[in-house]
Amino acid sequence: MVGNASRAAIINDRRITGLSANVIAELVVELGPLWHERHQVKLASQPRKRAVGAGAKHRLVSIDRLLVTLVHLRHATTHDVLACWFGVDRSCAVRKVIGSGGVVQFGPGIVSA
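Only a predicted model underlies this, so the values are computations on that prediction, with no experimental measurement involved.

Rules used throughout
- Residues numbered from 1 in each chain as written.
- Predicted model: local features only at pLDDT ≥ 70, side-chain atom pairs only at ≥ 80, totals over all residues.
- Heavy atoms only, no water.
- Buried < 20%, exposed > 50% of the residue type's maximum accessible area, 1.4 Å probe, protein only.
- Helix = DSSP H or I, 4+ residues; strand = E, 2+ residues; numbered from the N terminus.
- Arc of directions from axis to C-beta.
- Contact = heavy atoms within 4.5 Å.
- Core = buried A, V, L, I, M, F, W, Y, C linked by side-chain atoms within 4.5 Å.
- Polar contact = N/O pair within 3.5 Å; in protein donor to acceptor, adjacent residues only side chain to side chain.
- Axes fitted to C-alpha atoms, helices over the stretch in contact; angles between N-to-C directions.
- Parallel < 35°, antiparallel > 145°, perpendicular 65-115°, else oblique.
- Left-handed = near helix turned anticlockwise from the far one by under 90°.
- Nonpolar A, V, L, I, M, F, W, Y, C, P; charged D, E, K, R; others polar.
- Salt bridge = Lys/Arg side-chain N within 4 Å of Asp/Glu carboxyl O.
- Expected span 1.5 Å × (residues − 1).

### What to know about helix 1 (residues 4-12)
Given 3.6 residues per helical turn, the α-helix brings residues three or four places apart onto the same face. Among the residues of helix 1, those classed as buried are R7, I10 and I11. Buried residues in helix 1, looked at end-on, bunch into an arc of 95°, giving them a common side. For helix 1, the exposed residues set more than 90 degrees away from the buried face come down to A5 and N12. Structurally, helix 1 contributes buried residues whose contacts are with helix 2 (14-17), helix 3 (21-45), helix 4 (62-75) and helix 5 (79-86).

### Considering the nonpolar core
Taken as a class, soluble globular proteins show a tendency for nonpolar side chains to be buried jointly. Counting 21 residues, the largest nonpolar core has I24, L66, L67, L82 and F86 as the members making the most contacts within it. Contributing elements (two or more residues each) for this core: helix 1, helix 3, helix 4, helix 5 and helix 6 (90-106). Top contributing element to this core by residue count: helix 4, with six residues. Filtering out sequence-adjacent residues up to four positions away, I24 remains in contact with I11, T17, L19, I63, L66, L67 and L70.

### Digging into the environment of D64
Within the fold, D64 resides in helix 4. Note on D64: relative accessible area 0%, which makes it buried. Taking the C-alpha atoms as reference points, D64 and K96, 32 residues apart in sequence, are found 9.2 Å from one another. Among the polar contacts made by the side chain of D64, one reaches the side chain of R7 at a distance of 2.8 Å.

### Some details on unusual backbone geometry
A positive phi angle, close to 55°, is found at A76, a residue other than glycine. By the element assignment, A76 lies in the loop between helix 4 and helix 5.

### Focus: the packing of helix 3 against helix 4
Two numbers describe how helix 3 lies on helix 4: the axes approach to 9 Å, and their chain directions differ by 110°. What the angle tells us is that helix 3 and helix 4 run roughly perpendicular. The two elements helix 3 and helix 4 meet at a crossing, and its hand is right-handed. Along its contact with helix 3, which presents I24, L27, V28, L31 and W35, the element helix 4 presents S62, I63, R65, L66, L67 and L70. In terms of residue class, the contact of helix 3 with helix 4 is built from nine nonpolar, one polar and one charged.

### Focus: the pattern of salt bridges
One pass over the structure, following the stated rule, counts three salt bridges. Measuring nitrogen to oxygen at the nearest pair gives 2.9 Å for the salt bridge that ties R15 to D13. Under the relative-accessibility criterion, R15 is labelled exposed at 62%. The residue R90 makes a salt bridge to D80 at a minimum N-O spacing of 2.9 Å. Within this pair, whereas R90 is found in helix 6, its partner D80 is found in helix 5, the two being separated by ten residues in sequence.

### As for helix 4
For helix 4, which comprises 14 residues, the first-to-last C-alpha distance of 20 Å matches the rise-based estimate of 20 Å (1.5 Å per residue) to within 8%. Among the 14 residues of helix 4, ten are classified as buried, and the element is accordingly described as predominantly covered. Looking at the residues trailing helix 4, positive phi occurs at A76, about 55°.

None of this, on its own, says anything about what the molecule does.
Here it is, written out as structure tokens:
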């Protein structure tokens, strides 16, 4: 997981994400509930294979999922680089970029630049 200092550096440098810190904050507020809702729907739509609480733990909080996606979309960064930068396994970075795409692209009020 990325530390607070690294997260702040990513958010405050517009060259990394292409967005201002204010816009990123608005996206977190807007997309966080959508991600959570989509995750809950996915859990409810399938029969459980494991007990509640079992399985892999989320290592990226919602702001980090958003930052991974924004950096990938802006710079076409490889998943290996994202995994190293955010301190997660490559497969986690892949899941977060792929899993975030639908919400980021089709979230309400989001205009692509």
